[in-house]
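Residue-level listing of the chains:
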Amino acid sequence: MAGLLFVVAAASGTGKTSLVKALLERTPELSLSVSHTTRAMRPGEEHGVHYHFTEKTVFEQMIGDGYFIEHAEVFGNYYGTSHTGVSQQLEQGHDVLLEIDWQGAEQVRKIFPKSIQIFIIPPSLKALRERLSNRGQDSEEVIQTRLNGSVEEIRQHVNFDYLIVNDDFDAALSDLRAIIRAAGLTSAQQVVKQQDLLIALLNGSHD
Ligand code: 5GP
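Residues numbered from 1 in each chain as written. Predicted model: local features only at pLDDT ≥ 70, side-chain atom pairs only at ≥ 80, totals over all residues. Heavy atoms only, no water.

Rules: UniProt positions are given in the numbering used here, feature names are shortened, and annotations may be inferred rather than shown by experiment.
The name given to the protein chain in an unreviewed UniProt entry is Guanylate kinase, with the source organism recorded as Aquirhabdus parva. One UniProt comment on the protein chain, placed under Catalytic activity (unreviewed entry), says "GMP + ATP = GDP + ADP".

**Examining the overall build of the protein chain**
Note the following rule: Secondary structure elements follow DSSP: runs of H or I of four or more residues count as helices, runs of E of two or more count as strands, with numbering from the N terminus. The buried label applies to any residue whose accessible area, calculated with a 1.4 Å probe on protein chains only, is under 20% of its type's maximum; exposed applies above 50%, and partly exposed to all values in between. Residues count as neighbours in contact if any of their non-hydrogen atoms are within 4.5 Å of one another. Exposure was quantified through the Shrake-Rupley algorithm and a 1.4 Å probe, taking into account, for residues, occlusion by the shown protein chains and nothing else.
Each helix and strand in the protein chain was counted, giving 9 helices and 9 strands. If one aligns the C-alpha atoms of the protein chain with their principal axes, the spans along those axes are about 70 × 40 × 30 Å. Residues counted as buried form 42% of the 207 residues belonging to the protein chain. A fraction of 65% describes how many contacts in the protein chain between residues 6 or more apart in sequence connect residues 24 or more apart. Of the accessible surface of the protein chain, which amounts to about 11600 Å², a share of 52% is contributed by carbon and sulfur atoms.

**Observations regarding the pattern of salt bridges**
Quick note on the threshold: By definition, a salt bridge exists where a carboxyl oxygen of Asp or Glu is found within 4 Å of a side-chain nitrogen of Lys or Arg.
Enumeration according to the criterion identifies 6 salt bridges in this entry. A salt bridge links Glu45 to Arg39; its shortest N-O distance comes to 2.9 Å. The partner of Glu152 in a salt bridge is Arg155, and the shortest N-O contact between them spans 3.3 Å. Given the relative accessible area of 45%, Glu152 is considered partly exposed. Overlapping salt bridges, with partners in common, bring together Lys21, Glu25 and Arg26 in one network.

In structure tokens form, the structure reads like this:
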């Protein structure tokens, strides 16, 4: 059985990374695809954990080699999801989560029309600015560029299956978990996971 593919996108600074981290801690059967990026490493980030940090020329070569399922330029840097990682995991029946931008989500939608696409929005632009500033990892110029792009990004919500407002963290996490849980309970999923039970029930077995 192929695993489920979840895509989580949001405007930068919406708190998506923290939500996804908390989700993964509580959902061991879900694995995160680690993206490649050409952007500089932020303090506290680790190569191979947060991203595979890659030189621009190498990244461009990888695009040419068809290494990525999707890739996009976000705020002047390239980001991309590797083909092999995701496809192998899905074929082995593992559920995979991609934390990517809306441009990447659009490309994934075309290749994996059954992917479950979730979009996270902030409760206000004021909250978004505060989050970007509090992160303390980017310059004022970078923060302003990201904020300017946010409204454009938020416009993309119409293309997603689910919309979550990240106002209260726990409520947003609970919404995210509800979506993941429900997706695993569809009859298409359950018919495989509960195969033995269904066979026993349908055979009238009383064991
Ligand atoms: P950041 O630089 O803050 O880590 O990420 C900037 C944006 O790039 C975020 O919206 C993030 O989700 C997105 N991003 C991260 N990895 C990928 C990827 O592999 N593909 C695409 N299209 N976007 C990504």
